[in-house]
Amino acid sequence: MSPIEPEGIRRQSTTRRRRTVRLRTLLILLAVLPTVAMGTQVTLTAQRLLAQSEQLRADVAAAEKIGAPLYTLMVDMQAERTATAAQWAGAGGADGELRARREATDLAAAEFRRLANDPARSFGEVTRPLDKLAEYRQRADTRSGTADSTLSYYSGVIGKVIQVYQQEFSHAEDAELAQASRPVVAMLQATEMVAREDTVLALAGPSGDLSFAGYDQFVSALGAQRYLHEALIVPHLTARDQRFYDRVVGSNDWQTKTRIESAVLSGHKDIVSGIRLPAEIRGWQSAHANFSVQMTTLNIDLARSVLTRGEAKADELQTEVAWLIAGSGGGLLAVVVVVVFTTRSVLRRLHNLHVRTVTVAEETLPDVVARLQRGQTVDPGALPAVSGDRDEVGRISDAFARAVAVSVEGHRQLAAERHGFGLFASGIASRTGNLVSRQLSLTEDLQDTFGHDEALLAELMRADQLTVGMRRQIENLLILAGGEVPDPHTDPMRVADLLREAASEVEDFRRIERQALDETSVEPSAISQISHLLAELLDNATRFSPPRSKVVIRAELVTDGLSVEIEDRGPRVSPERYEEMNGRLHEAPPYSVLAQNAHRLGLFVVGHLADQLGATVTLRRSVYGGTSAVVILPQQLLVATDEGQAPRASEPRPRRELQAPPPALELLPAPAPAAADAAAAADAALVPTAPPEPEPVVHTSAGLPSRRTKAPAVLAAPAPAAALVRVPAAAARPALPERVPQTHIAEQLREPRAPETTVRPDTATPEEVADAWADYEQGTQTVEEELRREQP
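Residues numbered from 1 in each chain as written. Predicted model: local features only at pLDDT ≥ 70, side-chain atom pairs only at ≥ 80, totals over all residues. Heavy atoms only, no water.

## A closer look at the overall build of the protein chain
And step 1. Of regular secondary structure, the protein chain possesses 19 helices and 13 strands.
And step 2. For the protein chain, with 792 residues in total, the buried portion stands at 42%.
And step 3. Looking at the protein chain alone, contacts between residues at least 24 apart form 79% of all its contacts between residues at least 6 apart. (Helix = DSSP H or I, 4+ residues; strand = E, 2+ residues; numbered from the N terminus. Buried < 20%, exposed > 50% of the residue type's maximum accessible area, 1.4 Å probe, protein only. Contact = heavy atoms within 4.5 Å.)

Below, the structure written as structure tokens:
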């Protein structure tokens, strides 16, 4: 929380987090979008093809329905136009022919009007001019106007018919059908040009005279129909239609038509009123009547072939739509299958990568780190390896494998450094232990030499106790460096003796009250470790409780094993602090935590020992307000104790129980000789006839110096007059146990002991001994002060 923000108010974020789209969603979108686009395109294409097919079928239906009446109307209009021209020229019998032609035209026009009722088509282009047919017939009958204007009306209506036919039935939207329709339209136009030639020749009448305009119309029609046949009809005919066309143009009637056209072009004569046609034109009417029927048949065949192609094209379009839909559906299905397979494959690979990553992060890597911390080897096959895959998922897997390799290598280097530090610490502990052993040996020699002086012996015992504490601290260093406290015991030890041994390790052992509520023993292999663990807890309890208060240690059997409770009356500790300390006791902390709490190594040592023993240590508040430490030793560390079992003399580390210090000495002036005898008699009266039995010797792992059983020397002569004599409270001291050198210390601290030299008689003067003892005491006090500064 920012220091300038009031408590309880959280600053709103000014930027919104972008929502991360899931990979599954992206893959689905990547598949859906092209699929939808493809489906849309297929749908549009299918609709267009279906519309085209429907249009073709509609055109074919319209052509079959209106094409024939429209073509009939065009032919009848052409015949009526020719009859009108013949009547206008005064040909004989023209009136009857004209009436017949007009009746046919009226029937065709009525039929066309009846069927051409679709407003969407351009049939009105024909029906509107037909409304003026009666008017122009009236003009022809009354000879009002000119013949050219009347005949032009008929030509206009016929032109509209051809135009409508071209617009509605030429299938311009389809190139193939448009190409097939081209000769049909050209054939209609060519037929119209021949019909115009027929009209112009009919307009010449019996005299055969034409105006210049009429002759120009004939020449234009002749040129147009020849061009249409040569350029637009013959090149586009099919083989079947070409054979029919060849029969028509090879017939005698067509040849007569061609000869008359050539004669008109080359054999005409110019007269004052216009042009006089040659006499060959008299054979035109019969020839035209014959070949026009053949041309009509050809036109109908061409139109029917176009309609047939239109029907086939419509069927092809529908088949194409069906194949398009089927193919597109299969393609879409294939796309869906590929997308589903690809998505599942990618997601499966990513899921497997996620599972492997989580497994490595939560199981493999912690196990590897733990093995490295224990100094064990690591199987390279247990770690992810770089596979060298070139795809994206493979590269991610390889990157993770490299990251794991770097992490393992870092932990391996760290474990090597820790192992090196452990060896370094073990070396330091070994050298320091040698010094402590030498100091204990020196203390032992001093005790043997000056054991007759009880005051000096008490100080030597205190120095011995401090040295034992120094050795315990060295063993703590060995434990924290990864070693173990060796246990030289070969026989089980009673719990009462074990509590006594642990108490003897503590400097202020006089305040410890022991209570062994049940009779049981401890396995030999765990005696030293349990003793060390209890000694650390007892030392902590005596240090942090009032100097005059008692520290109680009691042991009793429980369901889970042996319960050892240490209770003091120290200062009050908060529940949070208890929780923190119990966390360190229940799980061995890493060295980073150890370095931050170097002033409280005792808890770490207890935690390591409890972890090695499989025991649990719990700190809690006692009923007296202090701290109660409860140690639960597992059942497998306990053995049954036989009744009447006594301590065995063969145990490797005999120990004596620390006794209370001797009573205070009264320092008095040296008495006179007479008074000395009285004092001696008084002293003799105070000495009991039989000294009390010493408490049984306890074999501990505290490392107390061994003692050789030796009676104190008796002063042969009285002290000088100026000296101070001691009034003892007892006449005899209990025998001291002997030390077995280097059976209590760690294996790393052991080394071959130099052979003991024969103790020579001490020739030093009292002043030299006093100076040597002063130097020893100063060194001991210096070590004690250093230890006190290190402990809280």
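## Let's talk about the packing of helix α13 (residues 495–504) against helix α14 (residues 527–543)
And step 1. Direction vectors running N to C along α13 and α14 enclose 55 degrees, while the axes themselves pass 8 Å from each other. Regarding the angle of α13 to α14, the classification is oblique. For the pair α13 and α14, the crossing hand works out as right-handed. Across the interface between the two elements, L498, L499, E501, A502 and A503 from α13 touch I527, I530, S531, L534, A535 and L538 from α14. (Axes fitted to C-alpha atoms, helices over the stretch in contact; angles between N-to-C directions. Parallel < 35°, antiparallel > 145°, perpendicular 65-115°, else oblique. Left-handed = near helix turned anticlockwise from the far one by under 90°.)

## Focus: the packing of aromatic side chains
What describes a pair of aromatic rings is the distance from one ring centre to the other and the angle between the planes of the rings.
And step 1. If you walk through the whole model with that rule in mind, you get five aromatic pairs.
And step 2. For the pair F112 and F123, a centre-to-centre distance of 6.0 Å together with 75 degrees between the ring planes defines the contact as edge-to-face. Here the residue F112 occupies a position in helix α2 (residues 94–115), and F123 occupies one in the loop between α2 and α3 (124–130), the gap between them amounting to eleven residues. Each of the two residues, F112 as well as F123, counts as buried.
And step 3. Ring geometry for W284 and F291: centres 6.3 Å apart, planes at 80 degrees, overall edge-to-face. (Phe/Tyr/Trp six-rings, centres within 6.5 Å; stacked < 30°, edge-to-face > 60°.)

## Some thoughts on the confidence of the model for the protein chain
Atom-level detail of predicted coordinates should not be read off regions where pLDDT is low.
And step 1. Across the protein chain, the average pLDDT comes to 76, with 75% of residues at or above 70.
And step 2. Considering only residues more than four positions removed or in separate chains, one finds that residues 644–739, a stretch of pLDDT under 50, has 157 contacts.
And step 3. Note on residues 753–759: pLDDT under 50 across the span, and two contacts to partners over four residues away in sequence or across chains. (pLDDT = per-residue confidence, 0-100.)

## Some points on the pairing of strand β9 (residues 616–621)
Successive residues of a regular strand alternate their side chains across the two faces of the sheet.
And step 1. Where β9 lies against strand β10 (residues 627–634), six bridges are found, and the strand directions are antiparallel. Residue pairing across strands places L619 opposite A629, the latter belonging to β10.
And step 2. In sequence, β9 turns back onto β10 through a hairpin of five residues, with G625 there showing a positive phi of about 95 degrees. (Pairing = 2+ DSSP bridges.)

## Focus on a positive patch on the surface
And step 1. A surface patch of like charges, here positive, comprises R22, R24, R344 and R348.
And step 2. Counting through the fold element by element, R344 comes out in helix α10 (residues 284–373).
And step 3. By relative accessible area, R344 is classed as exposed at 57%. (Patch = residues over 30% accessible without salt bridge, like charges linked within 9 Å, V, L, I, M, F, W, Y side chains within 5 Å. Areas by Shrake-Rupley, 256 points an atom, 1.4 Å probe, with all protein chains shown as cover. Salt bridge = Lys/Arg side-chain N within 4 Å of Asp/Glu carboxyl O. Lys, Arg positive; Asp, Glu negative; His and termini not counted. Charge placed at Lys NZ, Arg CZ, Asp CG, Glu CD.)

## Comments concerning the pairing of strand β8 (residues 561–567)
And step 1. For β8, the tally of buried residues reaches seven of seven residues, placing the bulk of the element in the interior.
And step 2. Bridge analysis of strand β7 (residues 551–558) against β8 gives seven bridges, and the strand direction is antiparallel. Within β8, the position partnered with R554 by the bridge is E565.
And step 3. In this structure, the hairpin formed by β7 and β8 is closed by a connection of two residues.
And step 4. Note: β8 against β10, seven bridges, orientation antiparallel. Paired with I566 across the bridge in β10 is A629.

## Section: the pattern of salt bridges
And step 1. On inspection of all chains with the given rule, the structure shows 26 salt bridges.
And step 2. Between E97 and R101 there is a salt bridge, with the nearest N and O atoms lying 2.7 Å from each other. One end of the pair is E97 and the other is R101, both in helix α2 and four residues apart, which spans about a single turn.
And step 3. Of the charged contacts in the structure, one is a salt bridge between R139 and E135, with a shortest N-O distance of 3.3 Å.

## Let's talk about the sheet that holds strand β3 (residues 275–276)
And step 1. Read from one edge of the open sheet, three strands run β1-β3-β2, paired in antiparallel fashion. Only two strands of the sheet have a single neighbouring strand rather than two, namely β1 (209–210) and β2 (269–270).
And step 2. As paired elements, β2 and β3 share two bridges and run antiparallel to each other. Paired with D270 across the two strands is I275, which belongs to β3.

## Description of helix α15 (residues 575–586)
And step 1. When the terminal C-alpha atoms of α15 are compared, their 16 Å separation across twelve residues agrees well with the 16 Å that a helix rising 1.5 Å per residue should span.
And step 2. Where α15 is buried, its residues contact α17 (601–613), β9 and β10. (Expected span 1.5 Å × (residues − 1).)

## Some words on helix α1 (residues 23–89)
And step 1. Here α1 spans 93 Å end to end across 67 residues, near enough to the 99 Å set by a 1.5 Å rise per residue.
And step 2. Most pronounced at I66, the bend in α1 amounts to some 40 degrees, and the proline P69 follows within four residues.
And step 3. Phi turns positive one or two residues past the end of α1, at G90, with a value near 80 degrees. (Bend = angle between axes of the 7 residues up to and from the residue.)

## Digging into unusual backbone geometry
And step 1. One non-glycine residue with positive phi stands out, namely R143, at about 60 degrees.
And step 2. Tracing the sequence through the fold places R143 in the loop between α4 (133–142) and α5 (147–169).
And step 3. Overall, R143 belongs to the partly exposed group, its relative accessible area being 43%.

## Thoughts on the sheet that holds strand β11 (residues 638–639)
And step 1. Read from one edge to the other, the open sheet built from three strands follows the order β4-β6-β11, with strand pairing classed as antiparallel. Each edge of the open sheet carries a strand with a single partner, namely β4 (493–494) and β11.

## With respect to the side chain of T542
And step 1. Inspection of the secondary structure assignment puts T542 in helix α14.
And step 2. A polar contact of 2.9 Å, which involves the side chain of T542, links it to the backbone oxygen of D539. (Polar contact = N/O pair within 3.5 Å; in protein donor to acceptor, adjacent residues only side chain to side chain.)

## Concerning the packing of helix α6 (residues 175–204) against α10
And step 1. The N-to-C vectors of α6 and α10 enclose an angle of 165 degrees; their axes lie 10 Å apart at closest approach. Put simply, α6 runs roughly antiparallel to α10. Along this stretch, α6 crosses α10, giving a crossing that reads as left-handed.
And step 2. Grouping the constituent residues of the contact of α6 with α10 by class yields 15 nonpolar, five polar and five charged. (Nonpolar A, V, L, I, M, F, W, Y, C, P; charged D, E, K, R; others polar.)

## Section: the side chain of E261
And step 1. Mapping E261 onto the fold places it in helix α9 (residues 252–267).
And step 2. Its relative accessible area of 1% is what places E261 among the buried residues.
And step 3. Apart from residues no more than four positions distant in its own chain, E261 is found in contact with E197, F218, L222, Q225, R226 and W284.

## What about the environment of V573?
And step 1. Relative to the elements of secondary structure, V573 occurs in the loop between β8 and α15.
And step 2. Contacts of V573, omitting those with residues within four sequence positions, involve Y578, M581, R621 and T627.

## Points about the environment of F112
And step 1. Overall, the relative accessible area of 0% leaves F112 in the buried class.
And step 2. In sequence terms F112 and L70 are 42 residues apart; their C-alpha atoms lie 6.3 Å from each other.
And step 3. Excluding anything up to four places from it in sequence, F112 contacts I66, L70, L73, F123, V126, T127 and L130.

## Things to note about a nonpolar patch on the surface
And step 1. Together, V21, L23, L26, L29 and L33 make up an exposed nonpolar region whose accessible area comes to about 440 Å².
And step 2. Of note, V21 is situated in the segment before α1.
And step 3. V21 sits in the partly exposed class, given a relative accessible area of 46%.

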